[in-house]
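Commentary on secondary and tertiary structure
Listed below are the residues making up each chain.
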Amino acid sequence: MNTLTDISLIDWSRAQFALTAIYHWIFVPLTLGLALIIALMETIYYRTGREEWKKTTRFWMKLFGINFAIGVATGLILEFEFGTNWSNYSWFVGDIFGAPLAIEGIVAFFMESTFIAVMFFGWEKVSKRFHLASTWLTGIGATLSAWWILVANAWMQNPVGMVFNPDTARNEMADFLAVATSPMAVNKFFHSVMSGWVLGALFVTGVSCWFLWRRQDKAFALSSIRVAGWTGLVASVLVAWTGDGSGYQVAQKQPMKLAAMEALYDGTDQAGLVAFGILNPKKKQADDGVNPFLFRMEIPDMLSLLAERRIPAFVPGINDLLQGGYALKDGTRALSAEEKIERGRKAIAAFADYRKASTERNEADMKNARKVLQENMPYFGYGYIKNAEELVPNVPLTFYMFRVMVMLGGYFILFFSTLLFLSHKRDLTRMRWIQMVAMLSVPLGYLAGQAGWVVAECGRQPWSIQDMLPTGVAVSRLDAGSVQTTFFIFLLLFSVMLTAEVRIMLKAIKEGPEK
Amino acid sequence: MYTCLQQYWWFIISLLGGILVFLLFVQGGNSLLFCIGKTETERRMMVNSTGRKWEFTFTTLVTFGGAFFASFPLFYSTSFGGAYWLWMLILLTFVLQAVSYEFQSRAGNLLGRTAYRGFLVLNGVAGPILLGVAVAMFFTGAEFRVDKANMADMSMPVISQWTNGWHGLEALAVWKNVLLGLAVFFLARVNGALYFINNIDNTALAVRCRRALWANAAIFLLLFAGWMIALLLSDGYAIVPSAGTILQQPYKYATNLQEMPWIAALILTGALAILTGILRTLLRPSYEHGIWWTGTGTVTAVTGLLLVAGYNNTAYYPSVYDCQNSLTLANSCSSLFTLRVMTYVSLLIPFVLAYIAYAWHSIDRKKINDEEMKEGGEHY
């Protein structure tokens, strides 16, 4: 396992998946956000019959179209990469993980791709009502696909509704509803989709303010700002709310991720939330006694409150999680990392014993092995861990990215409230400063979304499936060189595509709405 | 019950495969872009004609992958993780295609219109050939081994592993694979030409499509006949149900057709329908509905072919490394529970097809013509 080539294979496989996911998440949130905003705009057109709303809708729809295709393209790669780069994973949990992906295709993608064609080419060919329905259905299709892929992602963070079957050497689904509606999935869905709405709203307000800045198409820009401003305000408040829900889920199911998000090494009953902090780069290991912070300003008790909904409440730190011994909520004592690793090895050994007994058709041994396996199954993945330190994710990355996401989230609420206030009470066309702020806020929306995914995905390392399968064991057995080559091909391809898209987008924006 | 669901899901996979090969008319049509389209307007009409359908091909490819993952995950992990380069090449050509429609006529597109159209042609040629090669491996097999007990091997927990370093590229050196790849490619061109005849209102273009049809149809029929003969003469891997072992069996696929005459009938009907569509179009210059015949025929024949690969105790993904490692419906499928859930989901498919047909119909009511290309509306 730990030979040099293998580590580089795992790293390159992760790099390739991360690259695809990062690029995918550049395009998808804008698709989700613009889909809602153009549907709202077209509804206004349908209701009022005013031609300028049709032109407004069509302008944003054009930008939607430019953005859409790359989201689809990177999504295709992402889906197939589960097979190409995470072969073990695909078998070990494919029985659960495959279903949402298939449902996504059957239920959501077809809806999206059918009605997007009507939406773009049907203006003169179908009735106004059917066209409006198609615009909504395109957005609903995109949102449904987000539902299913986030169900799949949430399941990796918090595997539920399955049992391990040693005969087939995999986890098998036992409760579909538990998988499809786990609280982790529900929170993740609303949090991610609504962050897409925020981005869409930032994009529309930013671009509209550019028109104001250039003193052209003012009426169009102001009406776009109204629609997007309200969408953005509602969405950013909801994002904060679902973010709190997601945080609670992480505290319950992935305490190590939470500890890394807060750089909390030693837990307490009255844990404060770090409002602002600078980490000490000299901190190398959890138990080296080095103070993790150079500077730390906290909101007292807040972390306990967010994580457990009460004060005082114990929030375990990284050292507590590694050393165990603290009392869990069900009254039992937390196991140390070493004990978990021990039990994981027992589970894997029992699995091997079971397979051996099964080929020899030795019923008694099979039964014994199955019993040991069941007892230790919750720790199965720990059996592959060589050293407890591997269980700690990259703390600085998770810590800082979490702060970037949260602070920007707060800023967006402030931004949209200010913008709406000014647009209703003052003359936006003359306020250069807010126009500039709106334009500069567009990239911040992208940054916040990416930072959120870094927290979610890097914060759960070393797990590809929490407690069950470490990333290193999930990987396809390829030579690192092949994966490295495809990584650079994708990097080049995606970057060219992105550059082309940005240029096309800028030109299309410059053209402005139809006159 | 479990066996029934496995068979049902193999049918769904085969059907999706059939629909996918039919929808490759988008690729086939694009491969004809520079052969048939002489003027800019003509090329523009062609691109817009396939451009309103490419999403379906793409989505079917994704759904084919997703459904395969959900119903036969061991195939997903073995083939995709093993034949890495083959699948990666397929994906790359489809990714290039996805952006090419939207970007080609836009100002500021970085590479210029010709490059994006070049990508469409590249995908149009390489996509069907490589997919055909990948599908041919259902019959010709591949070099891999599978051992589920390896999850307990702490030094190297690998379930599926390719046993050669070419990771799928070696399949391009097997003549039978290439034969099927080319057959799929020329079938896609036939379907593409017939689709243009039906979808675009332009006499000059229609005449050239008909002219192209002659050669492409002839080559397709020869390749397809060759493939069928090769298949009937091929050995296959048979499952011995009592022992659970896998044996190499001469003329396995011919035997399958003999023992499952309804599948033979399916393939034959499909082939005849394709032939009818081609002949009626070639013989009657005013006939425009050839695509309906060849389309239906393609779905039927390809579905039948894929069924032959998996039904009647046949290993559908033979391992030439060790035939006991071959993938069968039973050893690679999802659990009973998951197959059952997915079966409920599959009941939605007719509903999905119905709204696709409705939406498709409402856009295609009027053919594409050069007038439309000059108007200000949305087009590529």
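What counts and how
- Residues numbered from 1 in each chain as written.
- Chains lettered and ligands numbered in written order.
- Predicted model: local features only at pLDDT ≥ 70, side-chain atom pairs only at ≥ 80, totals over all residues.
- Heavy atoms only, no water.
- Helix = DSSP H or I, 4+ residues; strand = E, 2+ residues; numbered from the N terminus.
- Contact = heavy atoms within 4.5 Å.
- Areas by Shrake-Rupley, 256 points an atom, 1.4 Å probe, with all protein chains shown as cover.
- Lys, Arg positive; Asp, Glu negative; His and termini not counted.
- Charge placed at Lys NZ, Arg CZ, Asp CG, Glu CD.
- Rg over C-alpha atoms; globule rule 2.2 N^0.38 Å.
- Axes fitted to C-alpha atoms, helices over the stretch in contact; angles between N-to-C directions.
- Parallel < 35°, antiparallel > 145°, perpendicular 65-115°, else oblique.
- Left-handed = near helix turned anticlockwise from the far one by under 90°.
- Buried area = accessible area lost by both parts, 1.4 Å probe.
- Salt bridge = Lys/Arg side-chain N within 4 Å of Asp/Glu carboxyl O.
- Polar contact = N/O pair within 3.5 Å; in protein donor to acceptor, adjacent residues only side chain to side chain.
- Nonpolar A, V, L, I, M, F, W, Y, C, P; charged D, E, K, R; others polar.
- Pairing = 2+ DSSP bridges.
- 1 Å grid on protein atoms, 1.4 Å probe; cavity = no way out; pocket = protein on both sides within 12 Å on 5 of 7 lines; lining within 4 Å.
- Points joined across faces, edges and corners; volume = space filled by probe spheres on them.
- Phe/Tyr/Trp six-rings, centres within 6.5 Å; stacked < 30°, edge-to-face > 60°.
- Buried < 20%, exposed > 50% of the residue type's maximum accessible area, 1.4 Å probe, protein only.
- pLDDT = per-residue confidence, 0-100.
- Patch = residues over 30% accessible without salt bridge, like charges linked within 9 Å, V, L, I, M, F, W, Y side chains within 5 Å.
- Expected span 1.5 Å × (residues − 1).
- Disulfide = S-S within 2.5 Å.

This next bit is on the overall build of chain A. Counting secondary structure elements, chain A contains 17 helices and six strands. Of the contacts made within chain A by residues no fewer than 6 positions apart, 78% connect residues no fewer than 24 positions apart. Only carbon and sulfur atoms are counted for the fraction: they give 63% of the accessible area of chain A, which is about 20000 Å². Measuring between centres, the 48 positive side-chain charges of chain A sit 10 Å from its 43 negative side-chain charges.

This paragraph deals with the overall build of chain B. When helices and strands are counted, chain B shows 17 helices and four strands. For a compact globule of 380 residues, the expected C-alpha radius of gyration is about 21 Å, and chain B comes in at 21 Å, within 12% of that figure. Counting only C-alpha atoms, chain B reaches 65 × 45 × 40 Å along its principal axes. Pairs at least 24 apart in sequence give 77% of the contacts found in chain B among residues at least 6 apart. Taken as a whole, chain B presents about 13400 Å² of accessible surface, with 67% of it coming from carbon and sulfur. Here chain B contributes 23 positively and 19 negatively charged side chains, and the mean placements of these two sets differ by 7 Å.

Interaxial distance between helix α2 (residues 51-85) of chain A and helix α5 (residues 54-71) of chain B falls to 10 Å at its minimum, and their mutual angle equals 20 degrees. By the angle between their directions, the pair α2 of chain A and α5 of chain B is classed as roughly parallel. In this structure, α2 of chain A crosses over α5 of chain B, and the sense of that crossing is left-handed. Taking contact as the criterion, the partners of F68, V72, A73, L76, E79, F80 and F82 of chain A in α2 of chain A are, on α5 of chain B, E55, F58, L61, V62, G65, G66 and F69 of chain B.

Moving on: the interface of chain A and chain B. Each partner contributes to the interface: chain A provides 87 residues, whereas chain B provides 80 residues. Interface area for chain A against chain B, summed over the two sides, is near 7400 Å², with a carbon-plus-sulfur share of 75%. Run the count over chain A and chain B and you get zero salt bridges. Counting the contacts that link chain A with chain B gives 19 residue pairs in polar contact (both at pLDDT 80 or more). Put simply, the parts of the chain that give the side of chain A that touches chain B at least two residues each are α2, α3 (87-92), α4 (94-121), β2 (170-173), α12 (337-359) and α17 (480-511) of chain A. Looking at the side of chain A that touches chain B element by element, the count peaks at 22 residues for α4 of chain A. Taken together, the residues of the side of chain A that touches chain B sort by class into 50 nonpolar, 20 polar and 17 charged.

Residue and element names in this part refer to chain A. Two elements in contact, helix α14 (residues 395-425) and helix α15 (residues 432-458), have axes separated by 8 Å at closest approach and are oriented at 150 degrees. Of the two elements, α14 crosses α15, and the hand of that crossing is left-handed. Counted by class, the contact of α14 with α15 contains 22 nonpolar, five polar and no charged residues.

So, on to the pairing of strand β3 (residues 236-240) of chain B. Looking along a regular strand, one sees side chains alternate from face to face of the sheet. Relative to strand β4 (residues 245-249) of chain B, β3 of chain B runs antiparallel, the two sharing five bridges. When the sheet's bridge partners are listed, I239 of chain B is paired in β4 of chain B with I246 of chain B.

Attention shifts here to empty space enclosed by the protein. Residue and element names in this part refer to chain B. Following the criterion strictly, the structure yields four cavities of 30 Å³ or more and no others. The calculated volume of the largest cavity comes to roughly 280 Å³. Taken together, 20 residues make up the lining of the largest cavity; nearest its centre are V21, V135, L180, V184 and V302. Elements supplying a minimum of two residues to the lining of the largest cavity: α1 (2-23), α8 (113-140), α9 (175-199), α10 (203-233) and α13 (290-310). No other element matches α13, which puts five residues into the lining of the largest cavity. Grouping the constituent residues of the lining of the largest cavity by class yields 17 nonpolar, three polar and no charged.

With that out of the way, let us pick up the packing of aromatic side chains. Residues and elements named next belong to chain A. Within this structure, the stated rule accounts for 79 aromatic pairs over all chains. Centroid distance F211 to F220: 5.4 Å. Interplanar angle 85 degrees. Geometry classified as edge-to-face. For the residue pair F211 and F220, the accessibility class agrees, reading buried in each case.

All right, on to unusual backbone geometry then. All names here are of chain A. Of note, the bond from I311 into P312 is cis; its omega dihedral lies within 30 degrees of zero at -10 degrees. Relative to the assigned elements, P312 resides in the loop between α10 (302-308) and α11 (318-323). Phi is positive for D467, close to 65 degrees, though the residue is something other than glycine. Take D467: its relative accessible area is 24%, and that puts it in the partly exposed class.

With that settled, the discussion passes to the side chain of S335 of chain B. With respect to the element layout, S335 of chain B can be found in the loop between α14 (329-332) and α15 (336-346). Residue class for S335 of chain B comes out buried when judged on its relative accessible area of 5%. In this view, S335 of chain B contacts D95, R170, E172 and M173 of chain A together with Y2 of chain B; residues no more than four positions away in its chain are not counted.

Looking at the secondary structure, you find F402 of chain A in helix α14. The sequence separation of F402 of chain A and L492 of chain A amounts to 90 residues, and the corresponding C-alpha distance is 29 Å.

Enumeration according to the criterion identifies 22 salt bridges over all chains in this entry. Residue K283 of chain A pairs with D288 of chain A through a salt bridge whose shortest N-O separation is 3.1 Å. Owing to a relative accessible area of 15%, K283 of chain A belongs among the buried residues under this scheme. Here E40 of chain B makes a salt bridge to R113 of chain B, at a shortest N to O gap of 2.9 Å. With E40 of chain B in helix α4 (residues 40-51) and R113 of chain B in helix α8, this pair connects stretches of sequence that are 73 residues apart. Owing to a relative accessible area of 30%, R113 of chain B belongs among the partly exposed residues under this scheme. By sharing partners, the salt bridges in this structure join R58, E124 and E514 of chain A into a single network.

On to the confidence of the model for chain B. Confidence in the prediction of chain B, expressed as mean pLDDT, is 93, and 99% of residues score 70 or more. Across the whole predicted complex the pTM is 0.94, and at the interface the ipTM reaches 0.93.

Residues and elements named next belong to chain A. Confidence in the prediction of chain A, expressed as mean pLDDT, is 93, and 99% of residues score 70 or more. Averaged pLDDT values over the elements of chain A bottom out at 90 in α4 and peak at 97 in α15. Here residues 1-5 scores under 50 on pLDDT; set against residues more than four positions off or in separate chains, the count is 10 contacts.

Residue and element names in this part refer to chain A. A contiguous patch of positive charge, built from R214, R503, K507 and K510, is present on the exposed surface. Looking at the element boundaries, R214 is found in the loop between α7 (183-213) and α8 (218-253). When its relative accessible area of 44% is taken as the criterion, R214 is described as partly exposed.

Right, let's talk about a nonpolar patch on the surface for a bit. Residue and element names in this part refer to chain A. Together, F276, I278, L294, F295, M297, Y400 and M407 make up a nonpolar patch on the protein surface, roughly 670 Å² of accessible area in all. Those elements that place two or more of their residues in the nonpolar patch are β3 (273-279), β4 (293-299) and α14. With three residues, the top contributor of residues to the nonpolar patch is β4. On the secondary structure map, F276 appears in strand β3.

Let us now look at helix α5 (residues 128-157) of chain A. Here α5 of chain A is 30 residues long and its end C-alpha atoms lie 44 Å apart, about the 44 Å a rise of 1.5 Å per residue gives. Counted residue by residue, α5 of chain A has 21 buried out of 30 residues, so it is predominantly covered.

In this section: the state of the cysteines. Counting across every chain of the model gives zero disulfides over all chains. With no disulfide of its own, C209 of chain B has C35 of chain B as its nearest cysteine by sulfur position, at a separation of 11 Å.

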